[in-house]
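# Overview (structure and organization)
So the chains spell out like this:
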Amino acid sequence: MIINKRCNAPAWKDLFTSSKMPESLSKLDEIAHNLWWVWNPEAKALFKSLNPSVWHENFGNPVKLLQSLSQSKIEEVMEDSALQARIADIYEKFRAYIDEKPDNTKPSVAYFSMEYGLTNILKIYSGGLGVLAGDYLKEASDTNIDLVAVGFLYRFGYFDQTITSDGQQVAVYKPQDFEALPITQLFDENGRQVQISIPFLDHMLMANVWSVAVGRVTLYLLDTDIQENNEWDRTITHQLYGGDWENRMRQEYLLGIGGIELLNRLGIKKDIYHCNEGHAALINAERLANHIERDGLTFLQALELVRASSLYTVHTPVPAGHDYFDESLFGKYMGRFADRLGISFHELVDMGRENPGSGEKFSMSVFALNTCQEANGVSFLHGKVSQEMFAPVWKGFFAKELHVGYVTNGVHLPTWTQPEWKTFIEEKISSDICHTQEQESVWNKIQDVDNEEIWKVRTELKQKFIRYIQKHYGDNWVRNNGDPSKAVDLINSINPKALLIGFGRRFATYKRAHLLFTDLERLSKIVNNSDRPVQFIYTGKAHPADGGGQGLIKHIVDISKKPEFSGKILFLENYDMQVASMLIAGVDVWLNTPTRPLEASGTSGMKALMNGVLNFSVLDGWWFEGYREKAGWALTDKKTFQNQHHQDQLDAATIYHILEEELIPLYYNRAEGKEYSDEWIQWIKNSMNYILPHYTMRRMLQDYIERFYNPLAKRFKLISADSGKIAKELVEWKIDVAEKWDQVEVENCSMIVHDRTGDHSLTVGEMLEVNLYIDKKDIAGDLLAELIEVKADKEDANKLLLEEVTPLEIVEQNGSKVHYRIRKEAENPGHHKLAVRLLPTHPALPHKMDFSLVRWVNID
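Residues numbered from 1 in each chain as written. Predicted model: local features only at pLDDT ≥ 70, side-chain atom pairs only at ≥ 80, totals over all residues. Heavy atoms only, no water.

Going by an unreviewed UniProt entry, the protein chain carries the name glycogen phosphorylase and comes from Porphyromonas canoris. Turning to the protein chain, the UniProt annotation filed under Catalytic activity (unreviewed entry) states: "[(1->4)-alpha-D-glucosyl](n) + phosphate = [(1->4)-alpha-D-glucosyl](n-1) + alpha-D-glucose 1-phosphate". (UniProt positions renumbered as here; feature names shortened; annotations may be inferred.)

Shown next, in the form of structure tokens:
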């Protein structure tokens, strides 16, 4: 008899063990679970000192580091009196910071975003929008704003990137270990985990709640990957920007409807509700329903209150970049929501359409514009682009006059300034730089600093960056090259004395990462000049669905492997916040070449200048405002060619010319015996003196407070007082005007030139007079009459450009009959078009677009 081997599968049971944490190390655990340590180098250095190898292996994760401490290591720490004193000192600083009460003189804010870039170890971000949101929370903490934020805890987050030997990008999704992250699951006073439930299709969607302490600010994260949900619902918070359009719809439903339900559950109410991109627009749908169901308001009354307390920030400069949903898909999730609002489903869908009643898809951005009183772009130029993009939403108004404003982005100085620079700044510029960073006068002191001291810091940062590359990319390069000796040569090829030029961002085609590689012969001469060595370092991810962006990565990787470019052009894979912080500080020049005007703002260049790195960019986004002569380089904001291929060729030639004739010579213009160029250091001084203070997150937050938060809070307080008395009166007036608007009768509108009617030509300096007679019938209050002057666009004759808007004065009023007049001197020669516009007006309106009824009147 033969007995066959048999073995059943092992039944493993999870068992987690940890060392007993004494009180002094419990203080470290408290700090580890508050991201205050991210922008405080002393705290990071302390964690690293406990076990440098574990710190590096876990990419600077203090929670994981503390979890890994053995009992013997803990006892060793306890016996180290100097280390104990250091822990006590840092904890005291931490508590002094955290215990400061919020500044109640500023409006409180609820902030909603799909992503937050706070630290590389918490993978709930993909790129610039998320990092901006993370910086915003940090500065809100530093500025002591009463703020709460809402987002998602993604199981996989955004992808990790690996590059194959043939240059292909591979997206790898690694699950996050929530227990090893600086986050805390929320429990109620009875010790039960906090869960919210949201009506979802034909069932309830459940979500756990986690909190992230960001200094004094709390970020709440929703998590649907729990056993109470079915398998499909669990995937909602798996990936950032992953899946198809239905998954995007589910995520935006959860962020909007679930985000407000979460705040309701926690009893949190704020003055301002800020949508960071259209992804968060549905918060206003739930807020409308809350006012209707809990406060007994009508839909229009609720809309007045919701709009008066809402701000929408747009980051995307082209309509195609916004989220549009088929009516059927939108209806699948929001169809029954209309009943909660007391309106029809078609009325709800129309709130997301530029042209109500059409068959257009539902736009989250249009819905945000219709439910937020204010909207803003993220740079001056992007504000103008956004006005053009959103003009179809408000018929009868020109882009130039829209209420869409702007706040140019900034970055969080303490996060993005390397410790070496931070020490330098505190010693040479201001010991209180955190509170004075946005003041140009404070930065004037850098002009008096010895050039050699600045060069020394810059050299330290370059060497630190090179060591980082050698430590973190050696194995990857061995794998991709297949020949260890070539990989070693590649690692050793990075020259700290060479001019290093960096390019790091999302690899979308409009970023034009390919421009440098349009003339390889010319590029080869630049990088192979032994007297003036130059090296280029590229990094960035392409969205997994963006074949064009992935093709650009492959193109650059392929070129970097050519013999003449080996070691001269490098591509660093898996661009994240840690790689970014090293790269932007370690290069000498930050290169940015977007297609105009598709760079809404951009912030990587701001982070670079925080570390004494000079910018070389197209005058687009923030650099359109930030560029100063002898403080960086710029490609013009003007387009010479309509054909983009021809424009790319011209821009590439301009880049080569500036590199060859200006930038490289400046870097190597060194006096005999010197390792650096005094003129180059002067440009660094100019950059940090005249540009840096205007692009900090502190300045940005102050702009939001002054331009949007304060005015919104003031108006909301006014119209919501006495149970919304003014809001209700305003709604009654709007309903009355809307019902009677078509009854308004224009009796006569004529123009007089030199007391002669019918002569529509005049000479500059002569007087023009327009008289308007109307019968406004039963409409209560005054109507606003405006003379609109336009001219044809030189590039597009069918497009009219607004020149001037001038109100007409009421000359006489007899009952419902009103006589308006304007006398105006002709100032500019040329062909002008004139018309009169009638609008309803009310002292409680925030701006003309708030009640978008327009009657155009022809002038006889």
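Moving on, we get to the side chain of asparagine 61. For asparagine 61, the position within the fold is in the loop between helix 3 (52–57) and helix 4 (62–68). For asparagine 61, the residues in contact, after removing those within four places along its chain, are Trp55, Ile121, Ala180 and Leu181. (Helix = DSSP H or I, 4+ residues; strand = E, 2+ residues; numbered from the N terminus. Contact = heavy atoms within 4.5 Å.)

A few words on the sheet that holds strand 17 (residues 569–572). The strand order 17-16-15-18-19-20 describes an open sheet built from 6 strands, whose pairing is parallel. The open sheet has two edge strands with one neighbour each: strand 17 and strand 20 (633–635). Across the sheet, the mean angle separating the axes of adjacent strands is 20° when strand polarity is ignored. Where strand 15 (residues 499–504) meets strand 16 (residues 534–539), 6 bridges bridge the pair, whose relative direction is parallel. By the bridge assignment for strand 16, leucine 500 is matched with glutamine 535. Along the sheet face, helix 24 (residues 547–560) touches strand 16 and strand 17 and points at about 135° away from the line of strand 17. (Pairing = 2+ DSSP bridges. Axes fitted to C-alpha atoms, helices over the stretch in contact; angles between N-to-C directions.)

In total, this model carries 0 disulfides according to the counting rule given. Cysteine 275 takes part in no disulfide bond, and the closest cysteine sulfur, belonging to cysteine 372, lies 4.5 Å away. (Disulfide = S-S within 2.5 Å.)

Here we come to the UniProt feature "domain: DUF3417" (unreviewed entry) in the protein chain. As annotated by UniProt and renumbered to match this structure, "domain: DUF3417" (unreviewed entry) occupies residues 21–122. Spanning residues 21–122, this segment combines 59% helix with 4% strand, and its end C-alpha atoms are found 24 Å apart.

A complete count under the given rule lists 39 aromatic pairs for this structure. Plain terms: the ring middles of tyrosine 667 and tryptophan 680 are 4.9 Å apart, the flat faces sit at 85° to each other, and that makes the pair edge-to-face. With tyrosine 667 in helix 28 (residues 644–667) and tryptophan 680 in helix 29 (residues 678–690), this pair connects stretches of sequence that are 13 residues apart. Between the aromatic rings of tyrosine 704 and phenylalanine 708, the centroid separation amounts to 6.3 Å while the plane-to-plane angle is 45°, which identifies the pairing as tilted. Of this pair, tyrosine 704 and phenylalanine 708 are both found in helix 30 (residues 697–740), 4 residues apart, which corresponds to roughly one turn of the helix. On the basis of relative accessible area, tyrosine 704 is assigned to the buried category, the value being 2%. Taken together, the ring pairs connect Trp455, Trp633, Tyr667, Tyr668, Tyr676, Trp680 and Trp683 into an aromatic cluster. One cation-aromatic arrangement involves lysine 541 over phenylalanine 159; the distance from NZ or CZ to the ring centre is 5.1 Å. Over the face of the ring belonging to tyrosine 406 we find arginine 707, whose NZ or CZ atom lies 4.8 Å from the ring centre. (Phe/Tyr/Trp six-rings, centres within 6.5 Å; stacked < 30°, edge-to-face > 60°. Buried < 20%, exposed > 50% of the residue type's maximum accessible area, 1.4 Å probe, protein only. Lys NZ or Arg CZ within 6 Å of the ring centre and 35° of its normal.)

What follows covers the pairing of strand 2 (residues 147–152). For strand 2, the tally of buried residues reaches 6 of 6 residues, placing the bulk of the element in the interior. Crossover connection from strand 1 (residues 109–112) via helix 7 (residues 128–143) to parallel strand 2: handedness right-handed. Here strand 2 runs beside strand 8 (residues 217–223); their pairing, made up of 5 bridges, is parallel. Bridge pairing in strand 8 links phenylalanine 152 to leucine 222. (Right-handed = clockwise from strand over helix to strand, strands pointing away.)

It is worth spelling out the packing of helix 9 (residues 245–266) against helix 12 (residues 327–334) at this point. Two elements in contact, helix 9 and helix 12, have axes whose closest approach is 11 Å; the angle formed by their N-to-C orientations is 40°. Relative to helix 12, helix 9 is oriented oblique. Crossing geometry of helix 9 relative to helix 12 is assigned as right-handed. Residues Trp245, Glu246, Met249, Arg250 and Tyr253 of helix 9 pack against Leu329, Phe330, Lys332, Tyr333 and Met334 of helix 12. Here the contact of helix 9 with helix 12 is built from residues that sort into 7 nonpolar, no polar and 3 charged. (Parallel < 35°, antiparallel > 145°, perpendicular 65-115°, else oblique. Left-handed = near helix turned anticlockwise from the far one by under 90°. Nonpolar A, V, L, I, M, F, W, Y, C, P; charged D, E, K, R; others polar.)

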